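Listed below are the residues making up each chain.
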Amino acid sequence: MDKILEGLISSDHSVPVKKAIVKKVVEAAEKDVTEEQCQALFVLTTRLLLLGEDAFQKQIGFQVLEAYARYHRPEFEQFFTKDFVLSLLQQGYEQLDRKDPAIIDYIHCCLRLLISCPSVLEIFSVIQVEVLRMVCERPDPALCARFSTLLSDFVQCIPREKSGVLFCQQLVRTISYFQCFASQERELREYVGQVTKVSTLLQNIWKADPTTLLPSLQEVFSIISSTDPSFDPSIALASLVQHIPVQMITVLIKSLTTDQNVRDASMTKALCRMIDWLSWPLAQHVDSWVIALLKGLAVVQKFTILIDVTLLKIELVFSRLWYPIVRQGALNVLSHMLLSFQHSPEAFHLVVPHVVHLAQSLKTDGLPNSKAFLLQFTELIHCMMYQYSGFPDLYDHILEAIKDLPKPVEEKIKLVLNQSAWTSQSNSFASGLLRHAGKSETGKTGLINLGNTCFMNSIIQTLFMATDFRRHVLSLNLNGSNTLMKKLQLLFAFLAHTQRAAYAPRNFLEASRPPWFNNGSQQDCSEYLRFLLDRLHEEEKTLQLLESTKPNVDTSSKEQESHSSEIGIKPEGEGTTLIERTFGGKLITGIRCMQCNCVSEKEEPFTDLSLAFCPSTTSRDSPGTQGTSEMPKTLCQGSVNGGSEVSETSSAKVPPTSVQFAPVTNDSPLSVPDLVNYFLAPEILDEDNAYFCEKCVSLQRAERTMKVVSAPEYLILTLLRFSYDAKCHVRRKILENVTIPPLIRLPVHNVSTPVQCSPTSFSSVQVDPAESSENLAKKLKPSQRDEEEEEEEKVRMVGEEELRQGDPMPIHSVHYVLSSVVMHSGISSESGHYYSYGRNINGVDGTCSALSLSSEQGSALAPSSQEAKDWLLFNDSRVTFTSFQSVQNITNRFPKDTAYVLMYRRQELPGQSTNGGLLANGMRQSTEPPLQKELLDAIIKDNKLYLQEQELNARTQALQASSSSCSFKPNGSDDNNPPGSCGPSGGGGGGGGLNTISRLVF
């Protein structure tokens, strides 16, 4: 029979003929066949099964072998012995290598034929030893899948007891060496199938012998936590996760995160590789394990690991959302990583550029689950934009892309954020290494947040964008001094000339921070600005006083002028300080007794005007003539944090019930001129706040007026948005939108004779009774209705230019152009974020990059490309181009982002006289002053240091990349220093309503 079969294989007969001959050979197995013939047939069929050239030959070999082994079992036992099996597994068969999967298939086939024979037990013992040896040799996926199938069918071949534990551990390590080189879907499916067979074998072993599970999981962690740069474990390990009982997650994660022997570097590696498992197509529960480990690390306060891994892997997790088979698990992990990363917007901003593209793809891909998935995804994005709402330049295009999709209610967003936060986080969260980004296209330098210092950063950028002030500060000769002005000069020099994308103003923060400002806590930017200007003013005043008391011995006028220049005193300033010349104005407060018409007046300087909102939301417009009804002028206004507040029982500038004014109903939206008019409107002093008239020698009903008599070069307006609720004992933010005009006109009263006044007393002046509050209010109120009918886009005016005959203090208008706006993002005075808009204003006439007055008025809603380059958005370390339209519409698009501090620059029109100030004193400079040597040396030194840092960072990152170090960061960070802490309530919009442990801003 063997001769017939051998001749048949080598013949040229057709396939049907060969099949017929094979059938006869198989049927002959039932007849008497000699032992020699059986052995010859067994050898021949073995050759066909192992060395067959095609599937037909292997099929013939299997059919013949099966037939003769069934009918001639003793002969087959003599042929297929443990020695033969051992030879196959250790040496192979003829030219066939011992690691060829065909050998495992042949043994598997023969075991099925011998399963009822006693001799098979000896073969099982041999295989138990050999499979342990084989798995230690790291077989490829194909071979591993073959013997996994064999062991699944013949569990007697699986090693037992200690050998069984070792076998499971080695099999896990073998899986970690699997590599897929598939280039086609068929090959990929085959690879996944092979891995699945191996993981199924482990699952069966774990079920049969639970004592092998924990050592196997320990081996898994040992593999994925390895920091060996030469070894990168396969993500095929993800196939094991679905076989681990879910109820073990809590116990295992707790044990893992509290193990003191696990180094942070190893834990970081392990977490990164588990996140990589999200790419495995058939894995289940991977997201559950990843999230559990993230939560476990948060519980033990391993925040550095969490920050490093999040920044490193967030973009990879986001990229998995493109693949339907793994996107749901990836979204679960992405949601947890973003929602828990609440100290900084950095992680969210890494994925922001990809949001619109993904949302558009989900809308159009036509898959059945895409719509539901898109809703989940957009809900996450809304939560993150709520949490970090102070970045309109990044979010505008996202809002446009998802505007048609439902938005979660605010209560739900707060609940989600509260549930996801790292409740033990603190200001010290920031990771020590950040990725570097080059300077933005604006050419401007950002300011690194040093921990809740956005209040300072926004003010510094606002002052820096005050062109005349910046140029004058930089031109001061302050060599050798250690004054605050010197530190401000150095900071301005760095902002103007450093090569860094963002500068860390540590020294200036320490020098300028008010004593009552707690380090690392959120503060009020307007309070900081007022303190800073006062410090600079008093400092210069002190230096002037010291200079004036020095004996004038043998010093020429030239030497005196030089020394005065060294301390920042300019002769043309006539003893006034730079702060007075730049930001200083004067107000006259007058009180007229309504019984005898006697007027007392007092002149007071100011550097900013604090504008209160009308106490009734229904009376939002500028005041007009006094009617029959009267109402309180102001709410109880206060600072964002730490500033003074006016209580409801006080009788300061704006007392509540005793001070009254007459509103005018108007349907136009509230604007900055409305608030200025309200500030300047007459107030009635009556009842408990009645005025003591010296002429009447009694308490009388009186009228108090405010008049601007000297306009500053830079007009600073603070919108008092934070009111104190005496019933609830909380400070609430007024979120009402206020229109910000690009130009305003401030009514300024001409003082014909100097007003005699003292710091503590008023002077009495008799005026004509006809000059009542009604007439004054009419003059202050602009004729807005007529102007809007003629030209809707015309800038609203604060003062009426027409002069009345007989006025003792005729009014003229001073024109101002908008220079900067500081925004507060948030819904509470306890939290939020500050950022600022600034405009490049060039020239001595106050023009804005060649944009004239008329073009500014006519194109406010359609900014030109030139205007788009004029406006800048300063958001800590980020500086981007924006437009005036964005400034005007910011509160409409982001209701929690509201204007807080505005700075206007005086604009002298042709033929208009100047009433002092920088222009009158020749202080306006048309170009940036050259850097003095001391400043230049400091800049050069720091720029060299910066280049050295860049070189060192490049080398470090190269080493980290080659060694797969856990602290590697992708390129593109905002800063190269620790970011400011952006707490759970940070991000402006998300801050105010969250009851979290730490109140932080970013």
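The structure displayed is predicted, hence computed values, not measured ones.

Definitions and cut-offs
Residues numbered from 1 in each chain as written. Predicted model: local features only at pLDDT ≥ 70, side-chain atom pairs only at ≥ 80, totals over all residues. Heavy atoms only, no water. Helix = DSSP H or I, 4+ residues; strand = E, 2+ residues; numbered from the N terminus. Expected span 1.5 Å × (residues − 1). Buried < 20%, exposed > 50% of the residue type's maximum accessible area, 1.4 Å probe, protein only. Core = buried A, V, L, I, M, F, W, Y, C linked by side-chain atoms within 4.5 Å. Contact = heavy atoms within 4.5 Å. Salt bridge = Lys/Arg side-chain N within 4 Å of Asp/Glu carboxyl O. Phe/Tyr/Trp six-rings, centres within 6.5 Å; stacked < 30°, edge-to-face > 60°. Lys NZ or Arg CZ within 6 Å of the ring centre and 35° of its normal.

(A) Expanded view of helix 24 (residues 484-497). Relative to the 20 Å expected for 14 residues at 1.5 Å per residue, helix 24 spans 20 Å between its end C-alpha atoms, a close match to the ideal helical length. Summarising burial for helix 24: 10 of the 14 residues are buried, a large majority. Regarding helix 24, the residues found buried are Leu484, Met485, Lys486, Leu488, Gln489, Leu491, Phe492, Ala493, Phe494 and Leu495.

(B) Representation of the nonpolar core within the structure. Residues Phe80 and Leu111 are the most contacted members of the largest nonpolar core, which totals 187 residues. With sequence-adjacent residues up to four places away left out, Leu111 is seen in contact with Phe80, Val120, Ile123, Phe124, Ile127, Leu150, Phe154 and Cys157. Cys525, Tyr900, Val901 and Met903 belong to the second-largest nonpolar core, a separate cluster that totals 50 residues.

(C) The pattern of salt bridges, seen in detail. Within the structure shown, the criterion is met by 29 salt bridges. The salt bridge partner of Asp396 is Arg893, with a shortest N-O separation of 2.7 Å. Remark: Arg893 occurs in helix 34 (residues 884-893) and Asp396 occurs in helix 20 (residues 392-401); sequence separation between them is 497 residues. For Asp396, a relative accessible area of 26% puts it in the partly exposed group. Taking relative accessible area as the criterion, Arg893 reaches 38% and is therefore assigned partly exposed. Residue Glu400 pairs with Lys403 through a salt bridge whose shortest N-O separation is 2.6 Å. Classification of Glu400 as partly exposed rests on a relative accessible area of 43%. Here Lys403 falls in the exposed class, since its relative accessible area comes to 53%. Within the structure, one salt-bridge network assembled from shared partners comprises Arg98, Glu130, Arg133 and Glu137.

(D) Region of interest: unusual backbone geometry. Of note, the phi angle at Arg138 is positive, near 60 degrees, even though the residue is not glycine. We classify Arg138 as partly exposed; its relative accessible area is 26%. Its identity is not glycine, yet Val697 carries a phi of approximately 55 degrees, on the positive side. Here Val697 lies in the loop between strand 10 (691-693) and strand 11 (698-700). Looking at Val697, the relative accessible area reads 57%, which means it is exposed.

(E) How the structure looks around the packing of aromatic side chains. Scanning all chains against the criterion turns up 28 aromatic pairs. Note on Phe348 and Tyr395: the rings are 5.8 Å apart at their centroids and 50 degrees apart in plane angle, and the pair reads as tilted. Highlighted residues: Phe348 in helix 18 (residues 346-364) and Tyr395 in helix 20, separated in sequence by 47 residues. In terms of burial, Phe348 and Tyr395 fall into one category: buried. Of the aromatic side chains, those joined through ring pairs into one cluster are Phe42, Phe76, Phe79, Phe80, Phe84 and Tyr106. Geometry around Phe373 places Arg327 over its ring, the cationic atom sitting 5.1 Å from the centre. The ring centre of Phe464 lies 4.8 Å from the NZ or CZ of Arg470, which sits over that ring.

That's the geometry; what it means functionally is another story.
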